[in-house]
Amino acid sequence: RMLYKYKQAAIKAYRSFEDKGIRPSLKEMRNAVIEFYEGRKIREDLPKNVVGYIDRYIDDSIQRGRKQGAIQAYDQLKNVLRSIQGGETMEFRDLTERFLNDMVNHMVIRFDYQTSQIHKIQKKLITVINDARRTGAYDIPDTLLGQNQSWRVKLPNQSTSGRGIALTPEELRRIEKAKLS
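Residues numbered from 1 in each chain as written. Predicted model: local features only at pLDDT ≥ 70, side-chain atom pairs only at ≥ 80, totals over all residues. Heavy atoms only, no water.

Asks: Teacher, can you tell me more about the overall build of the chain here?
Replies: Each helix and strand counted, the chain has eight helices and zero strands in total. Reading the helices (α) and strands (β) of the chain from amino to carboxyl end gives α-α-α-α-α-α-α-α. Across the chain, every contact between residues at least 6 apart in sequence was considered, and the portion connecting residues at least 24 apart equals 60%. If you sum the accessible surface of the chain, you get close to 12500 Å²; carbon and sulfur atoms cover 51% of it. (Helix = DSSP H or I, 4+ residues; strand = E, 2+ residues; numbered from the N terminus. Contact = heavy atoms within 4.5 Å. Areas by Shrake-Rupley, 256 points an atom, 1.4 Å probe, with all protein chains shown as cover.)

This is the structure we're talking about:
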């Protein structure tokens, strides 16, 4: 049944090019078959790299009237990616598990982000990846597709690390009153 639908979509796609007097490339034919079979249009005008896609996503968000806070969060994601070596020109196929882990380390070392802030940025990246996947125009690694929902950083609580132990005022009073021999 599915093979029959694809065959019909291929015939419709070929006829649509034939009616226009165009000899399609393999990529144009593939996109037309997807358009007829799945009812969605492949957008050829999409940026080739992740940062460019985020820029476009931000512009679309502004036009849809999203809140300023959400738009700023996507800007923050874009700035983090730009600060990583090669991040400006990185494509979706370059987003590997190793890169994502390196990105977490970069956010901790370079920006001194806390776990909650890193989670917010990761969530925005997952949203962008899912949106790009829906367009069908990007080569997104299969390993990333299975992992992007559970990719989360696990850092020690950094509110007290490196600064000693946090004590309550009552505990401090008890220590001050204690007589050490």
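Asks: Got a minute to help me understand helix α1 (residues 2-20) in this structure?
Replies: Residue pairs spaced three or four apart in an α-helix point in one direction, given the helix's 3.6 residues per turn. Between its first and last C-alpha, α1 extends 27 Å over 19 residues, near the 27 Å set by a 1.5 Å rise per residue. Buried residues of α1: Ala9, Ala13, Ser16 and Phe17, and no others. For α1, the arc enclosing every buried residue in end-on projection is 95°, short of the 170-degree limit, so these residues lie on one face. Those residues of α1 that are exposed and aimed more than 90 degrees away from the buried face are Leu3, Lys7, Arg15 and Asp19. Taken together, the buried residues of α1 touch α2 (26-38). Where α1 terminates, the next one or two residues include Gly21, which has phi positive at roughly 75°. (Expected span 1.5 Å × (residues − 1). Buried < 20%, exposed > 50% of the residue type's maximum accessible area, 1.4 Å probe, protein only. Arc of directions from axis to C-beta.)

Asks: What is the right way to read the nonpolar core from this model?
Replies: Generally speaking, soluble globular proteins have nonpolar side chains that are buried together. In terms of nonpolar packing, the biggest core is built from 31 residues, with Leu81, Phe92 and Met103 touching the most fellow members. Of all the elements in the fold, those that place two or more residues in this core are α3 (50-63), α4 (68-83), α5 (97-109) and α6 (115-135). Sequence-distant contacts of Leu81, that is, excluding residues within four places in its chain, are made with Val50, Val51, Ile54, Gly87, Glu88, Met90, Phe99 and Met103. (Core = buried A, V, L, I, M, F, W, Y, C linked by side-chain atoms within 4.5 Å.)

Asks: What is the right way to read α5 from this model?
Replies: Taking 1.5 Å per residue as the helical rise, α5 with its 13 residues ought to reach 18 Å, and the 19 Å between its terminal C-alpha atoms agrees with that figure. Every buried residue of α5 is accounted for by Phe99, Leu100, Met103, Val104, His106, Met107 and Val108.

Asks: Any chance you could explain unusual backbone geometry here in plain terms?
Replies: For residues that are not glycine, phi is negative in most cases, and the peptide bond is trans in most cases. In this structure, Asp112 takes a positive phi of about 55° despite not being glycine. For Asp112, the position within the fold is in the loop between α5 and α6. Classification of Asp112 by relative accessible area gives exposed; the value is 54%.

Asks: In this structure, what is going on with the packing of α4 against α6? I would like to understand it.
Replies: For any two helices packed against each other, the geometry is given by the interaxial angle and the distance between the axes. Two numbers describe how α4 lies on α6: the axes approach to 9 Å, and their chain directions differ by 90°. Judged by the angle between their axes, α4 and α6 are roughly perpendicular. Facing α4, whose interface residues are Ala73, Tyr74, Gln76, Leu77 and Val80, α6 presents Gln117, Ile121, Lys124, Leu125, Thr127 and Val128. Each residue belonging to the contact of α4 with α6 can be placed in one class, and the counts come to seven nonpolar, three polar and one charged. (Axes fitted to C-alpha atoms, helices over the stretch in contact; angles between N-to-C directions. Parallel < 35°, antiparallel > 145°, perpendicular 65-115°, else oblique. Nonpolar A, V, L, I, M, F, W, Y, C, P; charged D, E, K, R; others polar.)

Asks: I'm lost on the packing of aromatic side chains in this one. Help?
Replies: When we look at a pair of aromatic rings, we describe it by the centre distance and by the angle of the planes. Evaluated as defined, the whole model comprises three aromatic pairs. Ring plane angle 55° and centroid distance 4.9 Å describe the contact between Tyr57 and Tyr74, whose orientation is recorded as tilted. Pair noted here: Tyr57 is in helix α3 and Tyr74 is in helix α4, with a separation of 17 residues, a long-range link. Comparing Tyr57 with Tyr74, the two get one shared label, buried. Between Phe111 and Tyr113, the ring centres sit 5.2 Å apart and the planes meet at 15°, which makes this aromatic pair stacked. The ring of Tyr57 has Arg64 sitting right over it, with the charged end atom 5.7 Å from the ring centre. (Phe/Tyr/Trp six-rings, centres within 6.5 Å; stacked < 30°, edge-to-face > 60°. Lys NZ or Arg CZ within 6 Å of the ring centre and 35° of its normal.)

Distances and angles like these do not, on their own, reveal function.
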